[in-house]
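Coordinate analysis (summary)
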Amino acid sequence: MSAIHLLRRFSMKSPSRFHRSLLFSKSSMDLPPDLPRNALIRPSSRFLSTYPTAFNSTQRLISSSNSNWISEKARRIGVSLRELSTSVETNSGDKTFERIHVQSSLNSNPLVIERIHKDEETVGESDSRVEIGEVKNVETLGGKVREESEAEKEAWRILEDSVVRYCGSPVGTVAANDPGDKLPLNYDQVFIRDFVPSALAFLLKGEGDIVRNFLLHTLQLQSWEKTVDCYSPGQGLMPASFKVRTVALDENTTEEVLDPDFGESAIGRVAPVDSGLWWIILLRAYGKLTGDFSLQERIDVQTGIKLIMNLCLADGFDMFPTLLVTDGSCMIDRRMGIHGHPLEIQSLFYSALRCSREMLPVNDSSKDLVRAINNRLSALSFHIREYYWVDIKKINEIYRYKTEEYSTDATNKFNIYPEQIPPWLMDWIPEQGGYLLGNLQPAHMDFRFFTLGNFWSVVSSLSTPKQNEAILNLIEAKWDDIIGNMPLKICYPALEYDDWRIITGSDPKNTPWSYHNSGSWPTLLWQFTLACMKMGRPELAEKALALAEKRLMADRWPEYYDTRSGKFIGKQSRLYQTWTVAGFLTSKLLLANPEMASLLFWEEDYELLDICVCGLSKTGRKKCSRVAAKTQILVR
């Protein structure tokens, strides 16, 4: 049965990260399911007047207005979370839940609530789990049964062995599960971005509980205090990862606790900008693939979406609709010269905006946010399509740019110097292909091809239909460069010589053609597969997948491969890397279930092209460049 556990509060002293982790405890009492999320964190005086409560000496919350709910608890054994979840409209007029993360000036600790499934239907119980390694055939969510290869059987066994349990329930998968690794660093943690392909593999196989648990537990972690050197980031930040630890309360008692990392332990102390974006994308995927939309309708989940969106949409100094981030804030989590407006973040941001627009109801409490989301979607899609796109025609245009143009009608709006065009690009770009730049900011274009950003632009329809086709044409034309002996290059080409020394700071892990510096990452297979299926070219994905299947099992599922063609296992590559396994399995399942794959990508939204809020047409001071370029955007 589902239970909501209230965790005790500690002393008036501000807690350390370790002591805050003790808030996730298994010892307390049940609370009613209709409690708003601000009550789960820290009851305000307004909340106390609405929901009468009393605190005993140990500060456990006792609801006097919901005693009947507690007394009838036995009658609800077996009730699912869908039945217990609350509607979005509940207390929609009460805006106190919108401020649940505002830190108090008092040194008091927040109340943290968790839901733990302990009934016989939980994925964590032995009678409800499917041991994939024991069967020769696999049945997918679409009801299709097909024979598994030996590589798939081993991959499922590895994926099942990587599952992390918290209080008896599965909550994610570790980053890597190499039994020979004596120094796992943080590879024994559950990363949000790393778990996404694992989650999709489980969902496509019909196992949704682990994904639901993951989404709820990481949502609770969102409310924790995040501090580096006495400074805290904005509300809504999701952790990069978390770890389940067992701590001793006394000589005879231990507890399992969740210990999150928001970047305060990461290399370079960089906040994970992409974690919240991936969380929203996975939340939508869970609803689409399971048909269970009650999760995204819960007040606490809706509030989590709003906090992430408010953090991303906060006003700043930037003149562009793209997100401004520092180096290392996404999959490329080390210094690689992607600070500014990297394509990977922009494509995930656009996708998260579209997901949020789907999942947020339009009411008095959300209409302003929904309007802001629509405006940003329109501006972002125009900006990326118009200014990030390069093909042979555009490169020739840049080659002939005039510089130092001071005018509202300037052609070279970002003052790009033609000398920035790298020599390798002139001969490399195919006649019929193109791609989106890796980064764009004043006087700087990063002409490297970044795989994840381009693939996710196709999946989310951030790029136009014609641009999508051109991106896949480029992959096909430059197969040896992007795919080589092992798919897929994380970026192309590598930084070498002085560029490597200056841009990476002589990073010994990011040497040329290794790791993030143009290493080959098999986990990118699932994004490539999804992009190919959307564009009706699954044969490209099948070809890349067959190439990977020949080696992955024999090479023990490495994290990445080195050299220009991806011939060697990476020099510091972890073996039995979970998202390598999961990316392979998800690609297999997507190809076997095209109808399920179609639920995970977005088609072109032509309404966005008609939204423009700049107001330039009313002033007459200058022309809106969007209007002039609209026809060009549609046909590119």
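See the structure printed just above.
Reading guide: rules and limits
- Residue positions are given per chain, counted from 1 along the sequence in the order it is written.
- Given that this is a predicted model, residues contribute local features only at a pLDDT of at least 70 and side-chain atom pairs are listed and counted only at 80 or more, while totals for whole chains, interfaces and linings are drawn from all residues.
- Each side-chain value is derived from all of the structure's non-hydrogen atoms; neither hydrogens nor water enter the calculation.
- Here a helix means four or more residues in a row that DSSP labels H or I, a strand means two or more in a row labelled E, and each is numbered from the N terminus.
- The cut-offs for exposure are 20% and 50% of the maximum accessible area for each residue type, with area from a 1.4 Å probe on protein chains only; residues under the lower value are buried, those over the upper are exposed, and the others partly exposed.
- Every residue pair with non-hydrogen atoms within 4.5 Å of one another is taken to be in contact.
- Methods summary: accessible areas were calculated by the Shrake-Rupley approach with a probe of 1.4 Å, and residue burial reflects only the protein chains presented.
- In protein, a polar contact means a hydrogen-donor-capable atom and an acceptor-capable atom, both N or O and within 3.5 Å, with residues adjacent in sequence counting only if both atoms are side-chain atoms; elsewhere, any N or O pair within 3.5 Å suffices.
- Every axis in this analysis is a line fitted to C-alpha atoms, fitted for helices over the stretch in contact. Angles between the N-to-C directions lie between 0 and 180 degrees.
- For classification, angles of less than 35 degrees are called roughly parallel, those exceeding 145 degrees roughly antiparallel, those between 65 and 115 degrees roughly perpendicular, and all remaining angles oblique.
- Left-handed describes a crossing whose near helix is turned anticlockwise from the far helix through less than a right angle; right-handed describes the clockwise counterpart.
- Throughout, the ten residues Ala, Val, Leu, Ile, Met, Phe, Trp, Tyr, Cys and Pro are labelled nonpolar, Asp, Glu, Lys and Arg are labelled charged, and all others, Gly among them, are labelled polar.
- When a carboxyl oxygen of Asp or Glu lies within 4 Å of a side-chain nitrogen of Lys or Arg, that pair is called a salt bridge.
- Between rings of Phe, Tyr and Trp, where Trp is taken as its six-membered ring, a pair exists when centres lie within 6.5 Å; planes separated by under 30 degrees are stacked, by over 60 edge-to-face, and by other angles tilted.
- Throughout this description, the term charge over a ring refers to an Arg CZ or Lys NZ atom that lies within 6 Å of the ring centre and within 35 degrees of the ring normal.
- By nonpolar core we mean a set of buried residues, namely Ala, Val, Leu, Ile, Met, Phe, Trp, Tyr and Cys, connected to one another through side-chain atoms within 4.5 Å.
- Pairing between strands is defined by DSSP: at least two bridges between them are needed.

Moving on, we get to the overall build of the protein. Scanning the protein for helices and strands turns up 25 helices and 19 strands. Buried residues in the protein amount to 58% of all 636 residues. If you take every contact in the protein between residues at least 6 apart in sequence, the share linking residues at least 24 apart comes to 73%. Approximately 26,500 Å² of the protein is accessible, and the part contributed by carbon and sulfur atoms is 51%.

What follows deals with helix α20 (residues 525-534). What sets the pattern is the α-helix's 3.6 residues per turn: residues three or four places apart point alike. Most of α20 is tucked away: 10 of the 10 residues are buried. Turning to α20, its buried residues are Leu-525, Trp-526, Gln-527, Phe-528, Thr-529, Leu-530, Ala-531, Cys-532, Met-533 and Lys-534.

Turning our eyes to something else, we now look at the side chain of Asn-517. With respect to the element layout, Asn-517 can be found in the loop between α19 (497-503) and α20. Residue class for Asn-517 comes out buried when judged on its relative accessible area of 0%. For Asn-517, the side chain forms a polar contact with the main-chain oxygen of Asn-510, separated by 3.1 Å. Setting aside anything within four residues of it in sequence, one finds Asn-517 in contact with Met-336, Cys-491, Ala-494, Leu-495, Trp-500, Asn-510, Thr-511 and Pro-512.

Helix α12 (residues 343-359) packs onto helix α11 (residues 299-312) with a crossing angle of 140° between their chain directions and a minimal axis gap of 11 Å. The orientation of α11 relative to α12 falls into the category oblique. In this structure, α11 meets α12 at a crossing whose hand is left-handed. Together, Gln-302, Ile-305, Met-309 and Cys-312 of α11 and Phe-349, Ala-352, Leu-353, Ser-356 and Met-359 of α12 make up the contact between the two elements. For the contact of α11 with α12, the residue count by class is 7 nonpolar, 2 polar and no charged.

Our focus in this paragraph is the environment of Pro-418. Counting through the fold element by element, Pro-418 comes out in the loop between α14 (392-399) and α15 (423-428). Measuring from C-alpha to C-alpha, the distance between Pro-418 and Arg-400 comes to 6.9 Å, with 18 residues separating the pair along the chain.

Here the focus is the environment of Ile-267. Take Ile-267: it is sitting in the loop between β11 (254-261) and α9 (273-290). When the C-alpha positions of Ile-267 and Arg-334 are compared, they lie 7.4 Å apart, and in sequence the two are 67 residues distant. Look past the residues within four positions of Ile-267 in its chain and what remains in contact with it is Asp-333 and Arg-334.

Attention now moves to the pattern of salt bridges. One pass over the full model with this rule turns up 20 salt bridges. In this structure, Arg-357 engages Asp-605 in a salt bridge whose closest nitrogen and oxygen atoms are separated by 2.3 Å. In this pair, Arg-357 is assigned in helix α12 and Asp-605 in the loop between α23 (594-597) and α24 (616-619), connecting sequence segments 248 residues apart. Notably, a salt bridge pairs Glu-397 with Lys-394, separated by 3.5 Å at the nearest N-O pair. Placement of the pair is Glu-397 and Lys-394 together in helix α14, with a separation of 3 residues, close to one helical turn. Accessibility expressed as a relative area gives 33% for Glu-397, which makes it partly exposed.

Scanning the entire structure with this criterion turns up 21 aromatic pairs. Here a set of aromatic residues connected by ring pairs shows up, and it is made of Trp-424, Trp-428, Tyr-435, Phe-449, Tyr-492 and Trp-513. Cation over ring: Lys-509 sits above Tyr-515, and NZ or CZ is 4.3 Å from the ring centre. Above the plane of the ring of Trp-479 lies Lys-543, whose end atom (NZ or CZ) is 4.4 Å from the centre.

This part takes up the nonpolar core. Core analysis: the largest hydrophobic core is formed by 158 residues, its most contacted members being Trp-279, Met-309 and Phe-528. Ignoring any residue separated from it by four or fewer positions in sequence, one finds Met-309 in contact with Ile-280, Ala-352, Leu-353, Ser-356, Leu-369 and Ile-373.

If you trace the 3 strands from one edge of the open sheet to the other, you get β9-β10-β11, paired in antiparallel fashion. In this open sheet, the two edge strands, each paired with only one partner strand, are β9 (190-191) and β11. With 8 bridges joining them, strand β10 (residues 241-248) and β11 adopt antiparallel strand pairing. Counted as the bridge partner of Lys-243 is Asp-259 from β11.

This paragraph deals with the packing of helix α7 (residues 192-204) against α9. Interhelical geometry of α7 versus α9 gives an angle of 5° and a closest axis separation of 10 Å. Comparing the axis directions of α7 and α9 gives the class roughly parallel. Between α7 and α9, the contacting residues are Ile-192, Arg-193, Phe-195, Val-196, Ala-199, Leu-200, Leu-203 and Leu-204 on the first element and Asp-274, Ser-275, Trp-278, Trp-279, Leu-282, Ala-285, Tyr-286, Leu-289 and Thr-290 on the second. The residue inventory of the contact of α7 with α9, partitioned by class, reads 13 nonpolar, 2 polar and 2 charged.

Our focus in this paragraph is the pairing of β10. With 2 bridges connecting them, β9 and β10 associate as antiparallel partners. Looking at the pairing, Val-190 lines up with Phe-242 of β10. The antiparallel pairing of β10 with β11 creates a hairpin that spans 5 residues between the two strands.

Nothing here speaks to function; it is all geometry.
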